[in-house]
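Survey of secondary and tertiary structure
Spelled out, the chains give:
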Amino acid sequence: MTGEENPFYEYFDEILEICREYDVTISLGDACRPGCLADGSDVCQIEELVRLGELTKRAWEKDVQVMVEGPGHMPMDQIAANMKIQQTICMGAPFYVLGPIVTDIAPGYDHITAAIGGAIAAASGAAFLCYVTPAEHLALPNVDDVKQGIIASRIAAHAADIAKKVPHARDLDDAMGDARRTFDWEKQWECSIDPETAKQIRNDRAPEHEDSCSMCGKFCAVRSMNKALNGEYIDIL
Ligand code: SF4
C-alpha cells in the first residue's frame, strides 16, 4: 500500500486541518524507538524515521509545525550518525531524544547513562533532551528522582551548548574557574547548576581553612599557588 492509498493519511490530514486552525505544533512520536542497545539503528527504527519524514513534509505542506521524537537506547558510537540521518530524512525538523541511554546495565543510574547520550546527541544536532530519572525501568519516579534527572539532563544540554560554541554558553564556567582560583565560595554557589547540593557537600566535610577544601587541606595546590604569587610563606605542615 502506498502512502497515498493508506487511510491513515486521510485521518492525519484531518488532524492537520485542526492543528492549522488552532496553531498547534505536533509531536511526532516514535513507537519503534530502540528499547535496548540491541535495537539501536535497527530496520524498524530507520523505517519509522522514513515515515516520520513523510509526516513532517505533509504537516509542513499544511503549515503545521512538528517536532520529531528520537531514540531511546543506543551505543555511543551510533548517536552522532543518527542525528545526521534524522536531520536529513526529516529535513531539519527539531529532533528530541530520550537519553539516549548508552548502556543497559546501570539501573538506578539511568539519569547518568541518559546524560552521556544526551550530551553527544545535543552536540550532534538534537534540539531538545527529555530527562531520564534514576528510577527509569524500576519504578515511578519520586520528587528526588525527578530532580536528579532534570539536573543530569541540564548538565548534558549545557555541555553540548559549550561544545557547539553557543554565544555566552561558557560564561558561567569561566566565572566558576575564577571563583575557584580566589576561593570565592558564594560566587561558586551562584555559578552552580545545583548550589544546594554543592553547599551541603562542602558544609558536611568542612575544611580547617576556608582557602582549601577537605580533599587536600593545607596541600591545596590552588592555595599554595596563590600564596606563591603573593610572595607569602607556604605553610604545608
Ligand atoms: S584542596 Fe585540593 S581538591 Fe580542594 S580546591 Fe584545593 S586543590 Fe582542589
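Above this text is the structure in question.
The rules behind each value
- Residues numbered from 1 in each chain as written.
- Predicted model: local features only at pLDDT ≥ 70, side-chain atom pairs only at ≥ 80, totals over all residues.
- Heavy atoms only, no water.
- 1 Å grid on protein atoms, 1.4 Å probe; cavity = no way out; pocket = protein on both sides within 12 Å on 5 of 7 lines; lining within 4 Å.
- Points joined across faces, edges and corners; volume = space filled by probe spheres on them.
- Helix = DSSP H or I, 4+ residues; strand = E, 2+ residues; numbered from the N terminus.
- Expected span 1.5 Å × (residues − 1).
- Buried < 20%, exposed > 50% of the residue type's maximum accessible area, 1.4 Å probe, protein only.
- Arc of directions from axis to C-beta.
- Contact = heavy atoms within 4.5 Å.
- Axes fitted to C-alpha atoms, helices over the stretch in contact; angles between N-to-C directions.
- Parallel < 35°, antiparallel > 145°, perpendicular 65-115°, else oblique.
- Left-handed = near helix turned anticlockwise from the far one by under 90°.
- Lys, Arg positive; Asp, Glu negative; His and termini not counted.
- Salt bridge = Lys/Arg side-chain N within 4 Å of Asp/Glu carboxyl O.
- Polar contact = N/O pair within 3.5 Å; in protein donor to acceptor, adjacent residues only side chain to side chain.
- Nonpolar A, V, L, I, M, F, W, Y, C, P; charged D, E, K, R; others polar.
- Near = heavy atom within 4 Å.
- Sits in = over half its atoms within 2 Å of the grid points.

Time to look at the layout of surface pockets. Over the atoms, a rolled probe matching the size of one water molecule traces out where space is still vacant. Within this model, the largest pocket holds a volume of roughly 830 Å³. Surrounding the largest pocket, 29 residues form its lining, Met176, Arg180, Gln188, Ser192 and Ala198 being those nearest its centre. Elements that contribute at least two residues to the lining of the largest pocket include exactly α5 (143-163), α6 (171-181), α7 (185-191) and α8 (195-204).

Relative to the 21 Å expected for 15 residues at 1.5 Å per residue, helix α1 (residues 7-21) spans 22 Å between its end C-alpha atoms, a close match to the ideal helical length. Residues of α1 that are buried include every one of Tyr9, Phe12, Asp13, Leu16 and Cys19, and no others. Looking straight down α1, one finds its buried side chains confined to an arc of 120 degrees; they lie on one side. Set apart from the buried face of α1 by more than 90 degrees, the exposed residues are Glu10, Tyr11, Glu14, Ile18 and Glu21. On the buried face of α1, the contacting elements are β1 (26-28) and α2 (43-61). Just downstream of α1, aspartate 23 is the residue with a positive phi angle, here 55 degrees.

All right, on to the packing of helix α4 (residues 110-123) against α5 then. Contact geometry of α4 with α5 gives a least axis separation of 8 Å together with a crossing angle of 25 degrees. As the angle between them shows, α4 and α5 are arranged roughly parallel. For the element pair α4 and α5, the recorded crossing hand is right-handed. Contacts from His111, Ala115, Gly118, Ala119, Ala122 and Ala123 in α4 reach Gln148, Gly149, Ala152, Ala156, Ala160 and Ala163 in α5.

Quick look at the side chain of glutamate 48 now. Along the chain, glutamate 48 falls in helix α2. Of the side chains with opposite charge, arginine 33 lies nearest to the buried glutamate 48, which makes no salt bridge, at 7.2 Å. One polar contact links the side chain of glutamate 48 to the main-chain amide nitrogen of cysteine 32, over a distance of 3.0 Å. Leaving out residues up to four positions away in the same chain, glutamate 48 has contacts with Gly29, Asp30, Ala31, Cys32 and Arg33.

This part takes up the packing of α2 against helix α3 (residues 76-89). Look at α2 against α3: their axes get within 9 Å of each other, and the N-to-C directions meet at 30 degrees. Every residue of α3 that contacts α2 at Gln45, Leu49, Val50 and Gly53 is listed here: Asn82, Ile85, Gln86 and Ile89. Considering only residue class, the contact of α2 with α3 consists of 4 nonpolar, 4 polar and no charged.

Tracing the chain through its elements places leucine 98 in strand β3 (residues 95-98). On a C-alpha basis, the gap between leucine 98 and glycine 70 in space is 6.8 Å, while along the polypeptide they are 28 residues apart. For leucine 98, the contacting residues outside a window of four places in its chain are Arg33, Glu69, Gly70, Pro71, Gly72, Cys130 and Val132.

Lining the immediate environment of the ligand, one finds Cys213, Met215, Cys216, Cys220 and Ala221. The cavity that encloses the ligand is the largest pocket. Looking at the shell around the ligand, its residues break down into 5 nonpolar, no polar and no charged.

Cis geometry is found at the peptide bond from proline 71 to glycine 72, where omega equals 20 degrees. Here glycine 72 shows up in the loop between β2 (66-69) and α3. Its identity is not glycine, yet aspartate 63 carries a phi of approximately 65 degrees, on the positive side. Within the fold, aspartate 63 resides in the loop between α2 and β2. For aspartate 63, a relative accessible area of 56% corresponds to the exposed category. Here phenylalanine 183, not a glycine, exhibits a phi torsion of approximately 55 degrees, which is positive.

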